[in-house]
Each structure stands twice: as structure tokens, then as C-alpha cells.
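Structural description and commentary
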Amino acid sequence: MFNSNIPEGPLEKKWEEYKGHVKLVNPANKRSIEIIIIGTGLAGASAAASLGELGYKVKTFCFQDSPRRAHSIAAQGGINAAKNYQNDGDSVFRLFYDTIKGGDYRAREANVHRLAEVSASIIDQCVAQGVPFAREYGGLLSNRSFGGTQVQRTFYAAGQTGQQLLIGAYQSLERQIALGNVENYSRHEMLEIVKIDGKARGIIARNLITGELERHFGHAVLICSGGYGNVFYLSTNAMGSNVTAAWKAHKQGAYFGNPCFTQIHPTCIPVTGDHQSKLTLMSESLRNDGRIWVPKKQNDTRKPNEIPEEERDYYLERRYPAFGNLVPRDVASRAAKERCDAGYGVGSSKQAVYLDYESAIERYGKIECRKHGIDQPSAAVIREHGVAVVKEKYGNLFDMYAKITGEDPYSVPMRIYPAVHYTMGGLWVDYELMTSVPGLYSLGEANFSDHGANRLGASALMQGLADGYFVIPYTIGNYLANEIRTKPIPTSDPAFVAAEKAVADRLSTLKNINGSQSPESFHKRLGKIMWDKCGMARNEAGLKEAIEEIRALKAEFWRDLRVTGDINEFNPELDKAGRVADFIELGELMCQDALQRRESCGGHFREEMQTPDGEAQRDDENFSFVAAWEYKGDSQWELHKEKLEFEVAHPTQRSYK
């Protein structure tokens, strides 16, 4: 039975007690220990900077041309922290409770409480790095609201918070590179984990410019490679985002936790046609001031500004009066789908709802006019001042929408619809962030640990930086303290030779199929299967069909794939082929996981399991566990169950009404 290694004692004391008794590595010994980090987003960059600062010898690998190109830059809205600057009742406990509840009671209490505890330190760290968080008039950092909470705890830098946080982590990483503590390998993709005597001891990486395979030793390996939302083809993820690093770890023995828990983000620009290769996220922060509505009349073809107020259905405010437009993402997404499926959708596709800023512009405009002593301002003056405030708070998001759609969101409501965004599932890790393979760790979105069945907005940046800056520097020492006598293993070791040969053989096989279909075409077909049958809603019949369809697609892939170019050169088609092969295998496991979880919780909505009013219906008696899947061979997995114990946040039916 695998062990989650949760410390004993009261929940609020576990992390403090752990830090006080954890094994340490002295500074002289750290200089002889090597650590490999895969991925340089917020989790990877912060971990590399922190471990380099501690004196470890670190190697980082990213497939982009710079660590600054990591997909963390796309996170827009903000980062949560329990600092209670607004004096509105926030606390570490409330952040912990909101996160557990938001995840529909499918996360591990100890990990989530630790996340809430270290959240405040993240903000201090980032301010010290110069991250330009928004500030109030008096100089205090500003906060705004996000879904699933009734307090303001989200720190932000306009609509580009992820980018600013990544720059902060990146400059800390670059400092360590300049000092010689970290060596960065850009344009390198990790294609295999090397295990020796059951422990992770290195990787095989491919130089994406030359095609050369390289061997790298490490006393420990950290997977910080992000999420796997691109299994759906259309998602808010960057086109390069993939599951390959995590999947290679999985096939080397690392359990995969809760793979079916996928987040559908309610605030995305709708699909416009078959030509699209990705979707664009409009930050959840827009729900802070925007109101979501559809016409009260079915198939209403009028322009939004022609529909009077009394003929608009602000359905989130109607259904969930306590939280309104700030219900969690899974709730908002399903509500939008329900309205569109019922015939109230808007736009040419009828697969969209309106996000309207007219009332916010008017509200802010009146406030600004009072500030400026303007008595009895005209509607035009109120609007001018209101637009200026909205532009300051959300301007880059509005500009992005205008460029993509050709519409002015200051004058016409935005059209939005749910899309695949984040993956709560990932490599199973224990309290120390170690996978089921000794010496192999997983941080950030690549692991399953902190969000349960649904992630609250602004918690992804929080988890990535918590893991990298404040958790792994403690927990990895507990393992490495026993490795100080382990000398660097030469990469001529038979384990490295065998791993490199396996990678070379796989690449050769992909190249030499010489079929007729591109990797992209297979990816697109996989995405349609996943979205239709394992997307916003799932049912038993559809999941069984999906599994058979994915198996047939896999057989066709290995029979009719065509990869142009050569192996030993820059070859994006070959890179894509390997990633699609991994996505296909992952897709089958996701459907298997969704099929066995006969309950609805968070982002996993089984149509057979819902309350009379259409909300998710959990089955705590039978499914209060983490599904940890062990790879056993082609299309074969064994399910291990980590029972979830709730000592403090006792499960109840989620309600945001």
C-alpha cells in the first residue's frame, strides 16, 4: 500500500512540526548533490532558484527557447493569499476551507492547509522580487474577488499576473545561472526517466535543435511540466503544452492521480470554426465586475444592446444569489452549457453567453465623478470616467478580446463560453511531493495534490510558487540526506544506455511508419472524442464508446502516421508525433478513470449522478478517495485508492445559493 506520509498531529500544526523535525543536508554536502528539474514555469523556475540558492547543483530543462516562454505567463487574473488586507474576514483557515469545498472534498486536507499557510509568504517573496502588484491609493496591495469565495484575497498585476510572477521567478533563476549554481538547457525535451535500483537517477533528453539524445544524471528529478489539457486539442493551453514528461514518469512507475479531473473554464472566447487550434481565455477576474446573462426569450436574434433589462436573464445571480457571478468555475461552466443547450445561447453559433460591463462602467463612472466633484454629470461624462477605470483594471484583456473578435467590449458585451483550461489530476505525490518512484518529485500543475475535483480561480499560481519556493526546499532534503554518500553515477551506466536506446527506437518507429496522416490530424480527432464524451458532461455509455474509439485511433496512429523530415535534425513534426502518442494513451486512462468514478464532483459531471436541480451529486461513502493508477502495460492499469480523511472540513453538499 502506498503511503501519503502525512505528518501526525493537529492539522494546523502538521507543517510546522514537519519543518522542525525534517532531515537536513548541510551546505558542504549540498554542493555535491545534483538535481534535475523538468519545466521552467512558476513551479520549476521557483524550485530551481530556491534549490540553487541553497547550494545544490541544479539542471533545468525546457522545450521553449527560454524559461520565460513557459505557459505560466498566460495566467491572467491573480494569485490568492490569506493576508486579509481588506479586513473582510479572511484567514488561513478560510482559504483552506474555501479550497477544500471548491474542490468538492476530493483533495487531501494536509496539503491544502499547508498551501493556505504559506500563501502569505509567496506575496512577500514576490514583492521583494519587484513584482508590480496593483496597489490601493494608500500604498497597500490591492485585492479583488474570484469565484468560490466571499472575501477579496486575490492579488493581481492588471490582467497579466502570471507573466509578472514568472518574470520574478525567472530573474531569480537567472541569478543562480549567472552564479553557476543552475545550468539551463533550453530547447530540450525530456523523453525518459532513468531508474537505477528503483530510484530516479537521471533522464534522457532530446536536443530539439540538433535531434541529438543526451544523458543527464541527477540524485533526484523534479517534474514541473504543467498540465495535460491539450489532450482535448482545443484548450486554453499553449500549443506546445503536453503530457510527455509526466507520462514518461508514469510509465516508469509513478502513479497517475485523478486523471479525469479536468477544469472547464467558463470565461473563454467561443469556438468560431474548424480552423482553430487553440482557445483564448478571458480571465476569471472579469467576473469580478462583469455580469453574465442570456436573453429570456429562446433563439433571440436581437443585438445585445437592443434587449431591454427586463428581458435579460442574469442566470447566475438568479440561481446562486449568495455568490452570483462568482460561483466556482465548474458551477458557472455547467450553468452556461445548460442555458445554451436549452436554446438561450447567443451569437451565430448559439454556443455563447454575454459577459456585460455596462453596469460596472456606470458604477465606477459615478464614483469617479464624485471624486472629481462633478455635480449632475451627464451620461456621457459618467461613461467616460467609468471606461477609464475599467481600462486601468482590465485594459489588456479588453484589448485582447477586441483584437480577436473585432468587437469593442466597452460598447458591446463580450461573448464567452466554457473551454478546457486546467487539469486537477496529475502525477500522484505524497505530502513531500514525491511520486511513487523514490527520488522522483512532481510540482505545480503536473501533480494532483491541492485542488481536488475543481480548482478555484487564482489558486494555480499560488500552488506552483508554494511548491517551488516554500515546500520542496524542505521536503527534498528529507530524501537527499540519505543520498549524500551516493557519488554521481556515470552516464555510461547500463541503465542510461538502455534508456537512450529505448528512446531512439521509439523515435525511429515513429519516423518509419510512413503512413499518410499527420500528427495534427490524429490529435484533432482525439480531442473531439475527449470533448464529446469526457468533457463538460460524461455518461457510462459515452465513456465506454470513447475507450473503444481511442483504442482504434491508437492502432491507426501506429499504422498510418506520417512524419516528415529526419530524426537527427530540428523536426517539430517528430516532436508533435511523440506528444500525440502520449496524449492518446492518456486519453484512454482519463476515460477509464471517469468510468470508474460513479459520482459527480467538481469538474467531473456524470449525467447519471445529479441532484433534482441539476447540481453535482457526490457519493462520499464509495468515492472519497484519490484514484491513483499504476501502469501495467499497453491499455492496462491497476487502481490504487488513497482514502481521504477529513478531520476539519467535513464534507457537505456544496451550495453557493
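Residues numbered from 1 in each chain as written. Predicted model: local features only at pLDDT ≥ 70, side-chain atom pairs only at ≥ 80, totals over all residues. Heavy atoms only, no water.

**Structural notes on the sheet that holds strand β2 (residues 57–61)**
Taken together, 5 strands build an open sheet; the order of strands is β6-β2-β1-β10-β18 and the sheet is parallel. Strands with a single pairing partner mark the edges of an open sheet, and in this sheet they are β6 (182–185) and β18 (440–442). Across this sheet, the average inter-strand angle for adjacent strands is 20 degrees, counted without regard to direction. Across 4 bridges, the pairing between strand β1 (residues 34–38) and strand β10 (residues 220–223) is parallel. From the neighbouring strand, I36 faces β10, where its bridge partner is V221. Running at roughly 165 degrees to β1, helix α3 (residues 42–54) makes contact with β1, β2, β6 and β10 of the sheet. (Pairing = 2+ DSSP bridges. Helix = DSSP H or I, 4+ residues; strand = E, 2+ residues; numbered from the N terminus. Axes fitted to C-alpha atoms, helices over the stretch in contact; angles between N-to-C directions. Contact = heavy atoms within 4.5 Å.)

**Some remarks on the packing of aromatic side chains**
When we look at a pair of aromatic rings, we describe it by the centre distance and by the angle of the planes. Counted under the stated rule, the structure contains 25 aromatic pairs. Considering the side-chain rings of F93 and Y97, the 6.2 Å spacing of their centres and the 15 degrees angle between planes classify their relative orientation as stacked. Pair noted here: F93 and Y97 are both in helix α4 (residues 92–102), with a separation of 4 residues, about one helical turn. In this structure Y97 comes out as partly exposed when scored by relative accessible area, which is 26%. Between F323 and Y656, the ring centres sit 4.8 Å apart and the planes meet at 85 degrees, which makes this aromatic pair edge-to-face. In this pair, F323 sits in the loop between α8 (315–319) and α9 (329–344) while Y656 sits in the segment after β20 (636–643), placing the two residues 333 residues apart along the sequence. By relative accessible area, F323 is classed as buried at 13%. Its relative accessible area of 3% is what places Y656 among the buried residues. Chaining the aromatic ring pairs together yields one cluster made of Y228, W247, F256, Y631 and W637. (Phe/Tyr/Trp six-rings, centres within 6.5 Å; stacked < 30°, edge-to-face > 60°. Buried < 20%, exposed > 50% of the residue type's maximum accessible area, 1.4 Å probe, protein only.)

**Here we look at the pattern of salt bridges**
By the definition in use, this model includes 59 salt bridges. The partner of R108 in a salt bridge is E642, and the shortest N-O contact between them spans 2.8 Å. Taken as a pair, R108 in the loop between α4 and α5 (109–129) and E642 in strand β20 lie far apart in primary sequence, 534 residues in all. With respect to class, R108 is no different from E642; both count as buried. We note a salt bridge from D582 to K248, for which the minimum N-O separation is 3.3 Å. Remark: K248 occurs in helix α7 (residues 244–251) and D582 occurs in helix α16 (residues 572–596); sequence separation between them is 334 residues. As far as the burial class goes, D582 and K248 line up, both buried. Each of D104, R106, D330, R334, R597, E599, R618, D620 and R654 takes part in a single network of salt bridges with overlapping partners. (Salt bridge = Lys/Arg side-chain N within 4 Å of Asp/Glu carboxyl O.)

**Let's talk about the environment of D619**
Mapping D619 onto the fold places it in the loop between α16 and α17 (620–623). Owing to a relative accessible area of 23%, D619 belongs among the partly exposed residues under this scheme. The spacing of D619 and L355 is 264 residues in sequence and 34 Å in space, taken between C-alpha atoms. Contacts of D619, omitting those with residues within four sequence positions, involve R106, R598, E599 and S624.

**Quick look at helix α13 (residues 494–512)**
Over its 19 residues, α13 extends 27 Å from the first C-alpha to the last, a length consistent with the 27 Å expected when each residue adds 1.5 Å. Those residues of α13 lying buried are F496, A499, V503, L507, L510 and K511. Projected down its long axis, α13 carries its buried residues within an arc of 110 degrees, all on one side. Pointing more than 90 degrees away from the buried face of α13 are the exposed residues P494 and K501. Close packing links the buried residues of α13 with β7 (188–196), β8 (199–207), β9 (213–217), α15 (540–560) and α16. Backbone nitrogen of A495 and a side-chain oxygen of the N-cap are separated by 2.9 Å at the start of α13; the cap is D493. (Expected span 1.5 Å × (residues − 1). Arc of directions from axis to C-beta. Polar contact = N/O pair within 3.5 Å; in protein donor to acceptor, adjacent residues only side chain to side chain.)

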